[in-house]
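# Descriptive analysis of the structure
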Amino acid sequence: INVEYMGIILMGVWVNLALFVFGSFVLFYCGNLYVLWTYQNIVNEKIAHSFYLVTLYIALVTVMIEIYARFFSHILSRILYYIMAVWWGFLIYFLMFSAVYYAINACYSLEPLYGLLIVVAPSFSCCFYGIINAWKIHVEFVNIKIPGFHVPLRILHLSDLHLGPIYHKEYVSKIVDEIGRLDPDFVVITGDLFDGSLKLTPDMVEPFNRLSTDIYLVMGNHEVMVCGLDEIAYALSKTKIVLLQNEIRECKNVNLIGIDYSTKSGYYQNQIGMLNIRRNKPNILLYHDPDVHADELEADNICLHLAGHTHGGQNFPSHIHHWLLSKYFKGLSQSTSGKSFVYVSEGAGTSGPPMRIFSKTAISLI
């Protein structure tokens, strides 16, 4: 692996991890305080100061769980991490429905029981539904007719598995079984295969070796900013997964162009400009970020861009954020002339709360 292409060093990864842990502590502490404050307002009773200390202890425990899970992978650390992630999801929906409560209570003075029903019941219901929905794997069948391309091709598109304490080897095995039944010509993984919340080992991705097809991976934001290149190299060392880093690889009569994720402005354009894109075969771009316009792809002689990153919104209301800021949110889009296409996967895993509201866990057969 070329570790110098982006100027990323080990210290940078540790800084990102430290900022993530500190941010988690602040958010959990503030979230827990908000729950106590809202409960106090609903029931109109003063809460003992000892409960405020409890919120601090809970926030500290969540940070300790994150650090512990990062270095020690066993059933207890994974269970604790899962509980922590679910609680984070509950806090999000508690905030949403408490806003509804305050809006209603401003017009009509609600009894404490009704206030708790408006806030707590739907928050728990959303968490329960979201958890169940996230574990259901949907297969998306996407038919694309590319002008001038007459050879049938079946591409299995994976993205955003986020392997870590929540999604582990057992989940990969389940995905691999589904891929085997679909019988693709090859498999591509467009970033965030790893979450970065757990120390990476070859055992996590070992089930991919059961596939008889080629497997290609490009790095997403979690690989670049959290995992570290050394860990990724070690995790892939005993697998058949090929990591494409700003390079072109020929496979099944198409050219696969793998570009690493970056937040640098103009990064995609710079990397494409340095590559010798051939026109002898159809060119398929594997790039985690979906914010490359289809007309720009056509100008670069790329017929299809496979991406991820948005998770299809994953949990409402983050759909609004991605819908406003992303050129392509999910599904299939095409250029003005219809010669180039962008397909954005909703992802086969989750990030943060292990839930999906108004989105689905998906693998795609292109």
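The structure displayed is predicted, hence computed values, not measured ones.

To continue, consider the pairing of strand β4 (residues 214-218). Where a strand is regular, its side chains alternate between the two sheet faces. Summarising burial for β4: four of the five residues are buried, a large majority. In this structure, strand β3 (residues 186-190) lies alongside β4, joined through five bridges in parallel fashion. Residue V188 lies in a different strand from β4, and its bridge partner there is Y216. Two strands pair when backbone bridges link them, and β4 and strand β5 (residues 241-243) are joined in this way by three bridges, in the parallel orientation. Paired with L217 across the two strands is L243, which belongs to β5.

Running from amino to carboxyl end, helix α3 (residues 75-107) crosses helix α4 (residues 112-134) at an angle of 145°, the nearest separation of the two axes being 8 Å. Note on packing geometry: the crossing formed by α3 with α4 is right-handed. Two secondary-structure elements touch here, α3 through Y82, V86, G89, F90, Y93, F94, F97, S98, V100, Y101 and I104 and α4 through G115, I118, V119, V120, P122, S123, F124, C126, C127 and I131.

Because side chains alternate across strand β9 (residues 304-307), one face comprises the buried residues L304 and L306, and the other comprises H305 and A307, equally buried. Pairing analysis gives four bridges linking β9 to strand β11 (residues 341-344), with the strands arranged parallel. Directly across from L304, in β11, lies its bridge partner F341.

Scoring rules and cut-offs
Residues numbered from 1 in each chain as written. Predicted model: local features only at pLDDT ≥ 70, side-chain atom pairs only at ≥ 80, totals over all residues. Heavy atoms only, no water. Buried < 20%, exposed > 50% of the residue type's maximum accessible area, 1.4 Å probe, protein only. Helix = DSSP H or I, 4+ residues; strand = E, 2+ residues; numbered from the N terminus. Pairing = 2+ DSSP bridges. Axes fitted to C-alpha atoms, helices over the stretch in contact; angles between N-to-C directions. Left-handed = near helix turned anticlockwise from the far one by under 90°. Contact = heavy atoms within 4.5 Å.

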